[in-house]
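Residues per chain, in single letters:
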Amino acid sequence: MNDNSKTILALLAGLAAGAALGILFAPDKGDDTRDKLSDSLKGLSDSIKESASKEIENLLGLKDKLVDNIKTKVKGAEDEYQDDLEHA
């Protein structure tokens, strides 16, 4: 996980904690408070899922680049080996 992802995750966690504390100390009835808290946590969950999805996409793209790079290097080494065999 890169620094930007960690920062975003920390920000989201801080926002959720602040929202939860604000709701818990609000002068509402228990049912209303639980409903607000549930809605806030659902929003946080959705944000975390979206961030995780983006990070997974980034990792998959990185994996594809690495695999292509390795295949290219292996192919180059095979070609070089074949050239050496032909000239030996």
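Everything discussed here concerns the structure shown above.
What counts and what doesn't
- Residues numbered from 1 in each chain as written.
- Predicted model: local features only at pLDDT ≥ 70, side-chain atom pairs only at ≥ 80, totals over all residues.
- Heavy atoms only, no water.
- Axes fitted to C-alpha atoms, helices over the stretch in contact; angles between N-to-C directions.
- Helix = DSSP H or I, 4+ residues; strand = E, 2+ residues; numbered from the N terminus.
- Parallel < 35°, antiparallel > 145°, perpendicular 65-115°, else oblique.
- Contact = heavy atoms within 4.5 Å.
- Nonpolar A, V, L, I, M, F, W, Y, C, P; charged D, E, K, R; others polar.
- Expected span 1.5 Å × (residues − 1).
- Salt bridge = Lys/Arg side-chain N within 4 Å of Asp/Glu carboxyl O.
- Buried < 20%, exposed > 50% of the residue type's maximum accessible area, 1.4 Å probe, protein only.

Caption draft 1: Up close: the packing of helix α1 (residues 3-24) against helix α2 (residues 30-87). Interaxial distance between α1 and α2 falls to 9 Å at its minimum, and their mutual angle equals 175 degrees. Regarding the angle of α1 to α2, the classification is roughly antiparallel. Of the residues in α2, those in contact with S5, I8, L9, L12, A13, A16, A19, A20, I23 and L24 of α1 are T33, K36, L37, S40, L44, S47, I48, S51 and E55. Split into classes, the residues belonging to the contact of α1 with α2 amount to 12 nonpolar, 5 polar and 2 charged.

Caption draft 2: The environment of D35, seen in detail. Tracing the backbone through its elements, the reader meets D35 in helix α2. Each C-alpha atom, one on D35 and one on L60, is 37 Å from the other, the two residues being 25 residues apart in sequence.

Caption draft 3: Broad picture of α1. For α1, which comprises 22 residues, the first-to-last C-alpha distance of 31 Å matches the rise-based estimate of 32 Å (1.5 Å per residue) to within 8%. On its buried face, α1 is in contact with α2.

Caption draft 4: Geometry of the pattern of salt bridges. One pass over the full model with this rule turns up 4 salt bridges. Put simply, D46 and K42 hold a salt bridge, and the shortest N to O gap is 3.4 Å. Taken together, the residues D46 and K42, both in helix α2 and 4 residues apart, mark about one turn of the helix. Using a relative accessible area of 52% as the deciding quantity, one classes K42 as exposed. With a shortest N-O distance of 3.3 Å, K63 and D64 are connected by a salt bridge.

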